[in-house]
Amino acid sequence: MKPPIPSSSSAVLRKARLSPYLFTLLAFIVFVAILYGEDFMCIFGELEPIPGRAISTRVKKKEKLPFAKGKTEERCDVFSGRWVRDELTRPLYEESECPYIQPQLTCQEHGRPDTEYQKWRWQPHGCDLPSFNATLMLETLRGKRMMFVGDSLNRGQYVSMICLLHRLIPEHGKSMKTYNNDALTVFRAKDYNATIEFYWAPFLLESNSDNAVVHRISDRIVRKGSINKHGKHWKGVDILVFNTYLWWMTGLEMKILKGSFEDDEKEIMVVSTEDAYRMGMRSMLRWVRKNMDRKKTRVFFTSMSPTHAKSIDWGSEPGGNCYNQTSLIEDPNYWGSDSRKSIMKVIGEVFTKSKFPITFLNITQLSSYRKDAHTSIYKKQWNPLTPEKLANPVSYADCVHWCLPGLQDTWNELLFAKLFYP
(Lines give C-alpha, C1' and ligand atoms only; values in the text may rest on other atoms or scores of the structure.)
Protein backbone atom coordinates (compact mmCIF):
# COMPACT_ATOMS: atom_id res chain seq x y z
CA MET A 1 0.00 0.00 0.00
CA LYS A 2 1.45 3.35 -1.07
CA PRO A 3 1.83 6.07 1.53
CA PRO A 4 -0.74 8.76 1.24
CA ILE A 5 0.20 11.71 -0.95
CA PRO A 6 0.47 14.81 1.26
CA SER A 7 -2.11 17.37 0.64
CA SER A 8 -1.10 20.70 -0.88
CA SER A 9 -2.10 22.48 2.33
CA SER A 10 0.39 20.46 4.47
CA ALA A 11 3.23 21.12 1.97
CA VAL A 12 2.53 24.81 2.18
CA LEU A 13 2.67 24.61 5.98
CA ARG A 14 6.14 22.95 5.87
CA LYS A 15 7.42 25.62 3.45
CA ALA A 16 6.08 28.27 5.73
CA ARG A 17 7.98 26.76 8.69
CA LEU A 18 11.29 26.88 6.70
CA SER A 19 10.91 30.37 5.29
CA PRO A 20 12.05 32.34 8.40
CA TYR A 21 15.35 30.43 8.44
CA LEU A 22 15.87 30.92 4.72
CA PHE A 23 15.00 34.58 4.99
CA THR A 24 17.44 35.11 7.88
CA LEU A 25 20.24 33.30 6.03
CA LEU A 26 19.67 35.24 2.82
CA ALA A 27 19.51 38.54 4.69
CA PHE A 28 22.83 37.77 6.42
CA ILE A 29 24.53 36.87 3.10
CA VAL A 30 23.30 40.10 1.47
CA PHE A 31 24.46 42.16 4.47
CA VAL A 32 27.96 40.64 4.43
CA ALA A 33 28.21 41.01 0.65
CA ILE A 34 27.34 44.71 0.85
CA LEU A 35 29.63 45.38 3.80
CA TYR A 36 32.71 43.41 2.77
CA GLY A 37 32.13 42.56 -0.87
CA GLU A 38 34.89 44.82 -2.16
CA ASP A 39 37.38 43.29 0.26
CA PHE A 40 36.43 39.76 -0.82
CA MET A 41 36.92 40.75 -4.44
CA CYS A 42 40.34 42.17 -3.63
CA ILE A 43 41.33 38.97 -1.87
CA PHE A 44 40.43 36.90 -4.91
CA GLY A 45 42.20 39.31 -7.26
CA GLU A 46 39.04 40.36 -9.09
CA LEU A 47 39.19 44.06 -8.21
CA GLU A 48 41.92 46.50 -9.20
CA PRO A 49 42.43 49.40 -6.77
CA ILE A 50 41.08 52.65 -8.18
CA PRO A 51 43.61 55.52 -8.07
CA GLY A 52 42.61 58.11 -5.50
CA ARG A 53 40.07 55.81 -3.85
CA ALA A 54 40.73 53.92 -0.65
CA ILE A 55 39.83 50.23 -0.65
CA SER A 56 37.33 49.53 2.12
CA THR A 57 38.74 47.71 5.13
CA ARG A 58 37.29 46.80 8.45
CA VAL A 59 37.64 49.68 10.87
CA LYS A 60 40.24 49.01 13.54
CA LYS A 61 41.19 51.08 16.52
CA LYS A 62 44.11 53.21 15.34
CA GLU A 63 47.25 52.16 17.18
CA LYS A 64 49.66 54.76 18.46
CA LEU A 65 52.83 54.60 16.43
CA PRO A 66 56.26 54.65 18.08
CA PHE A 67 57.82 58.14 18.50
CA ALA A 68 54.46 59.89 17.93
CA LYS A 69 54.00 63.09 19.96
CA GLY A 70 50.59 63.97 18.60
CA LYS A 71 48.69 63.67 15.37
CA THR A 72 48.17 65.66 12.20
CA GLU A 73 45.09 67.86 12.04
CA GLU A 74 41.94 66.04 10.97
CA ARG A 75 41.61 65.89 7.17
CA CYS A 76 45.04 67.46 6.66
CA ASP A 77 47.01 65.95 3.78
CA VAL A 78 50.49 67.37 4.21
CA PHE A 79 51.46 66.14 0.73
CA SER A 80 48.79 68.24 -1.00
CA GLY A 81 49.55 71.94 -1.17
CA ARG A 82 51.55 74.62 -2.96
CA TRP A 83 55.01 76.17 -2.89
CA VAL A 84 55.26 79.64 -1.34
CA ARG A 85 58.25 81.94 -1.51
CA ASP A 86 59.84 82.41 1.91
CA GLU A 87 63.03 84.45 2.28
CA LEU A 88 62.73 84.62 6.07
CA THR A 89 63.06 80.93 6.97
CA ARG A 90 64.65 79.48 3.80
CA PRO A 91 67.13 77.96 3.34
CA LEU A 92 67.23 75.94 6.54
CA TYR A 93 71.06 75.93 6.40
CA GLU A 94 73.78 77.20 4.08
CA GLU A 95 75.59 74.98 1.60
CA SER A 96 78.97 76.24 2.82
CA GLU A 97 78.27 75.32 6.47
CA CYS A 98 77.48 71.65 5.83
CA PRO A 99 80.69 69.79 4.93
CA TYR A 100 78.84 66.50 4.43
CA ILE A 101 77.21 67.42 1.11
CA GLN A 102 78.84 65.40 -1.65
CA PRO A 103 80.19 67.42 -4.62
CA GLN A 104 77.42 66.09 -6.90
CA LEU A 105 74.94 68.26 -4.96
CA THR A 106 76.88 71.46 -4.13
CA CYS A 107 75.39 73.67 -6.83
CA GLN A 108 76.66 76.99 -5.49
CA GLU A 109 80.23 75.71 -5.24
CA HIS A 110 79.99 74.60 -8.86
CA GLY A 111 78.86 77.90 -10.24
CA ARG A 112 75.10 78.09 -10.10
CA PRO A 113 74.45 81.84 -10.44
CA ASP A 114 71.12 82.04 -8.54
CA THR A 115 69.85 80.94 -5.13
CA GLU A 116 66.12 81.26 -5.86
CA TYR A 117 65.64 77.48 -5.70
CA GLN A 118 66.51 77.63 -1.98
CA LYS A 119 63.74 80.04 -1.04
CA TRP A 120 60.58 77.98 -1.40
CA ARG A 121 58.57 76.48 1.45
CA TRP A 122 55.92 73.77 1.10
CA GLN A 123 52.51 74.90 2.34
CA PRO A 124 49.85 72.18 2.70
CA HIS A 125 46.27 73.15 1.89
CA GLY A 126 44.30 74.09 5.00
CA CYS A 127 47.01 73.28 7.56
CA ASP A 128 50.67 73.86 8.37
CA LEU A 129 53.73 71.63 8.53
CA PRO A 130 55.27 71.53 11.99
CA SER A 131 58.63 73.31 12.06
CA PHE A 132 61.61 70.99 11.88
CA ASN A 133 62.95 70.72 15.44
CA ALA A 134 66.55 69.49 15.34
CA THR A 135 66.75 69.22 19.14
CA LEU A 136 63.68 66.98 19.30
CA MET A 137 65.01 64.86 16.45
CA LEU A 138 68.40 64.33 18.11
CA GLU A 139 66.90 63.59 21.52
CA THR A 140 64.58 61.06 19.90
CA LEU A 141 67.57 59.40 18.25
CA ARG A 142 69.49 59.14 21.53
CA GLY A 143 70.72 55.56 21.82
CA LYS A 144 69.12 54.65 18.49
CA ARG A 145 69.85 54.02 14.82
CA MET A 146 68.20 55.71 11.87
CA MET A 147 68.95 54.34 8.40
CA PHE A 148 68.16 55.40 4.84
CA VAL A 149 68.23 52.49 2.39
CA GLY A 150 68.13 52.85 -1.37
CA ASP A 151 69.80 54.75 -4.20
CA SER A 152 71.60 58.09 -4.60
CA LEU A 153 68.32 60.01 -4.23
CA ASN A 154 67.84 58.49 -0.79
CA ARG A 155 71.48 59.33 -0.08
CA GLY A 156 70.62 62.96 -0.89
CA GLN A 157 67.80 62.88 1.66
CA TYR A 158 70.18 61.25 4.15
CA VAL A 159 72.75 64.03 3.70
CA SER A 160 69.99 66.63 4.02
CA MET A 161 69.01 65.13 7.39
CA ILE A 162 72.60 65.35 8.63
CA CYS A 163 72.84 68.98 7.46
CA LEU A 164 69.66 69.76 9.41
CA LEU A 165 71.08 68.25 12.61
CA HIS A 166 74.86 68.56 12.71
CA ARG A 167 75.03 72.20 13.86
CA LEU A 168 73.75 71.15 17.29
CA ILE A 169 76.64 68.72 17.73
CA PRO A 170 80.14 69.99 18.66
CA GLU A 171 82.92 69.21 16.23
CA HIS A 172 84.56 66.65 18.50
CA GLY A 173 81.20 64.91 19.05
CA LYS A 174 80.48 63.82 15.48
CA SER A 175 82.07 61.74 12.76
CA MET A 176 81.26 60.18 9.41
CA LYS A 177 82.81 56.95 8.11
CA THR A 178 82.13 54.46 5.33
CA TYR A 179 82.21 50.66 5.53
CA ASN A 180 81.65 47.60 3.31
CA ASN A 181 83.34 49.10 0.25
CA ASP A 182 81.38 52.33 0.68
CA ALA A 183 78.00 50.56 0.74
CA LEU A 184 77.40 51.77 4.30
CA THR A 185 77.94 55.36 5.46
CA VAL A 186 77.57 56.11 9.17
CA PHE A 187 77.23 59.55 10.76
CA ARG A 188 77.75 59.24 14.49
CA ALA A 189 76.55 61.70 17.15
CA LYS A 190 78.77 60.50 19.96
CA ASP A 191 77.20 62.29 22.93
CA TYR A 192 73.80 60.97 21.89
CA ASN A 193 75.08 57.44 21.19
CA ALA A 194 73.10 57.79 17.95
CA THR A 195 73.82 56.99 14.33
CA ILE A 196 72.25 58.16 11.08
CA GLU A 197 73.21 55.76 8.33
CA PHE A 198 72.89 55.26 4.60
CA TYR A 199 73.00 51.84 2.95
CA TRP A 200 73.40 51.55 -0.83
CA ALA A 201 70.86 49.09 -2.27
CA PRO A 202 69.25 50.64 -5.37
CA PHE A 203 66.85 47.70 -5.85
CA LEU A 204 66.72 46.70 -2.15
CA LEU A 205 67.25 43.16 -3.44
CA GLU A 206 70.65 41.86 -4.60
CA SER A 207 71.55 43.01 -8.11
CA ASN A 208 74.49 43.42 -10.46
CA SER A 209 74.46 47.15 -9.58
CA ASP A 210 75.28 46.74 -5.88
CA ASN A 211 78.78 48.22 -6.02
CA ALA A 212 78.36 51.59 -4.31
CA VAL A 213 81.07 53.18 -6.48
CA VAL A 214 81.04 51.37 -9.84
CA HIS A 215 77.43 50.65 -10.77
CA ARG A 216 76.82 52.18 -14.19
CA ILE A 217 75.44 49.00 -15.72
CA SER A 218 72.89 49.23 -18.51
CA ASP A 219 71.94 45.53 -18.51
CA ARG A 220 70.56 45.42 -14.98
CA ILE A 221 69.64 42.13 -13.31
CA VAL A 222 67.88 41.65 -9.97
CA ARG A 223 68.03 38.39 -8.03
CA LYS A 224 64.69 37.07 -6.86
CA GLY A 225 64.20 36.40 -3.14
CA SER A 226 67.54 37.93 -2.17
CA ILE A 227 66.61 40.78 0.18
CA ASN A 228 68.47 39.19 3.10
CA LYS A 229 71.75 39.79 1.24
CA HIS A 230 71.36 43.46 2.18
CA GLY A 231 68.76 43.11 4.92
CA LYS A 232 71.25 41.62 7.36
CA HIS A 233 72.81 45.09 7.57
CA TRP A 234 69.48 46.73 8.46
CA LYS A 235 68.70 44.62 11.51
CA GLY A 236 68.56 46.53 14.78
CA VAL A 237 67.60 49.84 13.14
CA ASP A 238 64.93 51.87 14.93
CA ILE A 239 63.81 54.20 12.10
CA LEU A 240 64.12 52.87 8.56
CA VAL A 241 63.56 54.98 5.42
CA PHE A 242 63.38 53.05 2.12
CA ASN A 243 63.30 54.23 -1.45
CA THR A 244 63.62 52.44 -4.77
CA TYR A 245 62.33 53.45 -8.19
CA LEU A 246 64.72 54.96 -10.70
CA TRP A 247 66.93 51.90 -11.14
CA TRP A 248 63.94 49.78 -12.14
CA MET A 249 63.20 52.12 -15.05
CA THR A 250 65.34 50.47 -17.73
CA GLY A 251 62.43 50.09 -20.14
CA LEU A 252 59.20 48.15 -20.14
CA GLU A 253 60.80 44.90 -18.95
CA MET A 254 63.25 43.77 -16.28
CA LYS A 255 65.60 40.79 -16.00
CA ILE A 256 65.10 38.64 -12.89
CA LEU A 257 67.67 36.05 -11.83
CA LYS A 258 66.49 32.77 -10.33
CA GLY A 259 69.31 31.16 -8.40
CA SER A 260 72.65 32.83 -7.72
CA PHE A 261 75.00 35.24 -9.49
CA GLU A 262 77.67 32.62 -8.76
CA ASP A 263 75.98 29.94 -10.88
CA ASP A 264 77.83 28.98 -14.06
CA GLU A 265 74.57 28.72 -15.95
CA LYS A 266 72.19 31.46 -14.93
CA GLU A 267 68.43 31.14 -15.21
CA ILE A 268 67.10 34.57 -16.10
CA MET A 269 63.48 35.43 -16.76
CA VAL A 270 62.15 38.63 -18.29
CA VAL A 271 59.05 40.19 -16.73
CA SER A 272 57.28 43.51 -16.99
CA THR A 273 58.75 46.35 -14.95
CA GLU A 274 55.56 46.49 -12.89
CA ASP A 275 55.73 42.77 -12.01
CA ALA A 276 59.42 43.08 -11.14
CA TYR A 277 58.76 46.10 -8.93
CA ARG A 278 55.85 44.29 -7.26
CA MET A 279 58.21 41.43 -6.44
CA GLY A 280 60.63 43.91 -4.85
CA MET A 281 57.92 45.59 -2.78
CA ARG A 282 56.57 42.30 -1.50
CA SER A 283 60.08 41.19 -0.52
CA MET A 284 60.62 44.44 1.36
CA LEU A 285 57.34 44.10 3.27
CA ARG A 286 58.07 40.47 4.18
CA TRP A 287 61.48 41.50 5.53
CA VAL A 288 59.93 44.33 7.54
CA ARG A 289 57.25 42.06 9.00
CA LYS A 290 59.84 39.50 10.12
CA ASN A 291 62.53 41.87 11.39
CA MET A 292 60.94 45.08 12.68
CA ASP A 293 59.02 45.52 15.96
CA ARG A 294 55.85 47.51 15.31
CA LYS A 295 55.75 48.60 18.97
CA LYS A 296 59.26 50.08 18.97
CA THR A 297 60.29 50.90 15.40
CA ARG A 298 59.05 52.89 12.40
CA VAL A 299 59.34 52.23 8.69
CA PHE A 300 58.96 54.86 5.96
CA PHE A 301 58.88 54.53 2.19
CA THR A 302 59.62 57.54 -0.03
CA SER A 303 57.76 57.57 -3.33
CA MET A 304 59.40 58.11 -6.73
CA SER A 305 61.50 61.21 -7.19
CA PRO A 306 60.48 62.87 -10.48
CA THR A 307 62.88 63.88 -13.24
CA HIS A 308 62.58 66.84 -15.60
CA ALA A 309 64.30 65.60 -18.73
CA LYS A 310 61.67 66.62 -21.30
CA SER A 311 60.73 70.30 -21.50
CA ILE A 312 57.77 69.42 -23.71
CA ASP A 313 56.15 67.90 -20.60
CA TRP A 314 55.58 71.34 -19.08
CA GLY A 315 54.70 73.08 -22.34
CA SER A 316 58.10 74.44 -23.40
CA GLU A 317 59.80 73.93 -26.73
CA PRO A 318 60.95 70.33 -27.32
CA GLY A 319 64.62 69.50 -26.90
CA GLY A 320 65.09 71.16 -23.53
CA ASN A 321 65.24 69.88 -19.97
CA CYS A 322 65.92 71.22 -16.48
CA TYR A 323 68.94 73.22 -17.66
CA ASN A 324 68.52 76.95 -17.05
CA GLN A 325 65.12 76.46 -15.40
CA THR A 326 64.58 78.90 -12.52
CA SER A 327 60.78 78.96 -12.21
CA LEU A 328 58.31 76.44 -10.84
CA ILE A 329 55.62 74.54 -12.72
CA GLU A 330 52.33 76.16 -11.72
CA ASP A 331 49.83 73.62 -13.08
CA PRO A 332 48.57 71.83 -9.91
CA ASN A 333 47.75 68.73 -11.99
CA TYR A 334 51.15 68.48 -13.65
CA TRP A 335 52.58 64.97 -13.85
CA GLY A 336 55.76 64.32 -15.81
CA SER A 337 56.03 61.53 -18.36
CA ASP A 338 58.98 59.97 -16.49
CA SER A 339 56.91 59.28 -13.37
CA ARG A 340 55.04 56.06 -14.05
CA LYS A 341 51.57 56.00 -12.55
CA SER A 342 51.57 52.23 -13.03
CA ILE A 343 54.32 52.01 -10.41
CA MET A 344 52.33 54.17 -7.98
CA LYS A 345 49.45 51.76 -8.54
CA VAL A 346 51.67 48.80 -7.66
CA ILE A 347 52.75 50.53 -4.45
CA GLY A 348 49.10 51.14 -3.55
CA GLU A 349 48.16 47.51 -4.20
CA VAL A 350 51.00 46.04 -2.16
CA PHE A 351 51.02 48.49 0.74
CA THR A 352 47.27 48.19 1.25
CA LYS A 353 47.80 44.54 2.20
CA SER A 354 50.76 45.18 4.53
CA LYS A 355 50.37 43.81 8.06
CA PHE A 356 53.08 46.18 9.30
CA PRO A 357 52.34 49.94 9.38
CA ILE A 358 54.43 51.59 6.64
CA THR A 359 54.39 55.40 6.51
CA PHE A 360 54.28 56.48 2.88
CA LEU A 361 56.10 59.75 2.10
CA ASN A 362 54.31 60.82 -1.07
CA ILE A 363 56.82 63.36 -2.37
CA THR A 364 56.22 62.79 -6.09
CA GLN A 365 53.57 65.39 -6.89
CA LEU A 366 55.05 68.20 -4.80
CA SER A 367 58.51 67.53 -6.28
CA SER A 368 57.12 67.46 -9.81
CA TYR A 369 56.58 71.23 -9.66
CA ARG A 370 60.30 71.83 -8.97
CA LYS A 371 62.03 71.77 -12.35
CA ASP A 372 64.20 74.58 -10.96
CA ALA A 373 65.73 72.55 -8.12
CA HIS A 374 67.90 69.99 -9.96
CA THR A 375 71.69 70.08 -9.95
CA SER A 376 71.65 70.52 -13.75
CA ILE A 377 75.24 71.33 -14.84
CA TYR A 378 76.27 72.73 -11.44
CA LYS A 379 77.97 69.69 -9.95
CA LYS A 380 81.24 67.82 -10.03
CA GLN A 381 81.75 66.14 -13.40
CA TRP A 382 83.54 62.84 -12.96
CA ASN A 383 84.71 62.72 -16.57
CA PRO A 384 86.15 65.61 -18.61
CA LEU A 385 83.53 67.27 -20.82
CA THR A 386 84.14 67.32 -24.54
CA PRO A 387 83.96 70.61 -26.47
CA GLU A 388 80.72 69.33 -28.03
CA LYS A 389 79.11 68.81 -24.65
CA LEU A 390 80.34 72.15 -23.32
CA ALA A 391 78.72 73.81 -26.31
CA ASN A 392 75.39 72.14 -25.47
CA PRO A 393 74.74 72.18 -21.68
CA VAL A 394 71.38 70.43 -22.12
CA SER A 395 73.30 67.32 -23.18
CA TYR A 396 74.94 66.84 -19.77
CA ALA A 397 72.50 68.50 -17.37
CA ASP A 398 71.58 66.25 -14.42
CA CYS A 399 67.80 66.42 -14.14
CA VAL A 400 67.59 63.58 -11.62
CA HIS A 401 69.41 64.78 -8.51
CA TRP A 402 68.65 67.87 -6.40
CA CYS A 403 70.78 70.75 -5.10
CA LEU A 404 71.35 71.01 -1.34
CA PRO A 405 70.09 72.96 0.46
CA GLY A 406 66.83 72.65 -1.45
CA LEU A 407 63.93 70.37 -2.19
CA GLN A 408 65.10 67.35 -0.21
CA ASP A 409 65.07 69.38 3.01
CA THR A 410 61.30 69.55 2.50
CA TRP A 411 61.22 65.76 2.20
CA ASN A 412 62.78 65.62 5.66
CA GLU A 413 60.32 68.17 7.02
CA LEU A 414 57.58 65.79 5.86
CA LEU A 415 59.43 62.84 7.40
CA PHE A 416 59.66 64.81 10.66
CA ALA A 417 55.93 65.59 10.53
CA LYS A 418 54.96 61.96 9.93
CA LEU A 419 57.38 60.62 12.54
CA PHE A 420 56.07 62.79 15.37
CA TYR A 421 52.57 63.73 14.17
CA PRO A 422 51.31 60.80 12.06
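Description of the structure in this document. A quick note: this is a predicted structure, and the numbers were derived from the prediction, not measured.

Let us now look at helix α3 (residues 152–165). Every α-helix carries 3.6 residues per turn, so stepping three or four residues along brings you back to the same face. An ideal rise of 1.5 Å per residue puts 20 Å on 14 residues; α3 measures up with 20 Å between its terminal C-alpha atoms. Counting buried residues along α3, 14 of its 14 residues qualify, which places the element largely inside the surrounding structure.

A separate point is the nonpolar core. M137, W234 and F242 are the most contacted members of the largest nonpolar core, which has 102 residues in total. Once residues lying within four places of it in the same chain are set aside, the contact partners of W234 are M147, V149, Y199, A201, L204, I227, F242 and W287. In this structure, C322, I377, C399 and C403 belong to the second largest nonpolar core, which totals 9 residues.

Turning to the sheet that holds strand β8 (residues 239–242), a few remarks are in order. Taken in spatial order, the 7 strands line up as β4-β5-β6-β3-β8-β11-β12 in an open sheet, and their pairing is mixed. Here the strands that pair on one side only, and so sit at the sheet edges, are β4 (174–179) and β12 (358–361). On average, adjacent strands in this sheet sit at an angle of 15° to one another, irrespective of strand direction. Two strands pair when backbone bridges link them, and strand β11 (residues 298–302) and β12 are joined in this way by 4 bridges, in the parallel orientation. Paired with T302 across the bridge in β12 is L361.

Sheet topology places β4 next to strand β5 (residues 184–189); 6 bridges connect them, and they run antiparallel. Bridging from a neighbouring strand, T178 pairs with T185 of β5. The hairpin turn running from β4 into β5, its antiparallel successor, is 4 residues long, and N180 in that turn takes a positive phi close to 50°.

Next up on the list: the packing of helix α5 (residues 273–291) against helix α6 (residues 341–352). Running from N to C, α5 and α6 point in directions that differ by 35°, and their axes come no closer than 10 Å. Classified by chirality, the crossing of α6 by α5 is right-handed. Packed against α5, whose contacting residues are T273, E274, Y277, R278, M281, R282, M284 and L285, the element α6 presents S342, I343, V346, I347, E349, V350 and F351 at the interface. Counted by class, the contact of α5 with α6 contains 9 nonpolar, 2 polar and 4 charged residues.

The next thing to look at is the layout of surface pockets. Considered as a void within the structure, the second largest pocket measures approximately 1700 Å³ in volume. Considering the residues around the second largest pocket, the lining is formed by 45 residues, among which S152, H215, R216, K379 and H401 are closest to the centre. If you tally residues by element for the lining of the second largest pocket, the top one is α3, at 4 residues.

Reading guide: rules and limits
- The residue numbering used here restarts from 1 in each chain and proceeds along that chain's sequence as written.
- Local features in this predicted model are restricted to residues of pLDDT 70 or higher, and side-chain atom pairs are both shown and tallied only at a pLDDT of 80 or more, whereas totals for entire chains, interfaces and linings draw on every residue.
- Based on all heavy atoms of the structure, the side-chain values leave hydrogens and waters out of the count.
- Runs of H or I in DSSP of at least four residues are treated as helices and runs of E of at least two as strands, each being numbered from the N terminus.
- A helix is expected to span 1.5 Å for every residue after the first.
- Type-normalised accessible area, obtained with a 1.4 Å probe on protein chains alone, sets the label of each residue: buried when under 20%, exposed when over 50%, and partly exposed for intermediate values.
- Buried residues of nine kinds, namely Ala, Val, Leu, Ile, Met, Phe, Trp, Tyr and Cys, make up a nonpolar core once their side-chain atoms join them within 4.5 Å.
- Only heavy atoms enter the contact rule, under which two residues are in contact if any of them lie within 4.5 Å.
- Each pair of strands is called paired provided DSSP finds at least two bridges between the two strands.
- For helices, the fitted axis covers only the stretch in contact; all axes are lines through C-alpha atoms, and the angles between them, taken along N-to-C directions, range from 0 to 180 degrees.
- The crossing is said to be left-handed when, going from far helix to near helix, the turn is anticlockwise and less than a right angle, and right-handed when the turn is clockwise.
- Nonpolar residues are Ala, Val, Leu, Ile, Met, Phe, Trp, Tyr, Cys and Pro. Charged residues are Asp, Glu, Lys and Arg, and all others, Gly as well, are polar.
- Site definitions follow a grid-based scheme: protein atoms alone, a 1 Å grid, a 1.4 Å probe that fits but cannot get out for cavities, and for pockets an open set with protein on both sides within 12 Å along at least five of seven lines, plus lining residues having an atom within 4 Å of a point.
- Grid points are joined across faces, edges and corners, and a volume is the space filled by probe spheres set on the points.

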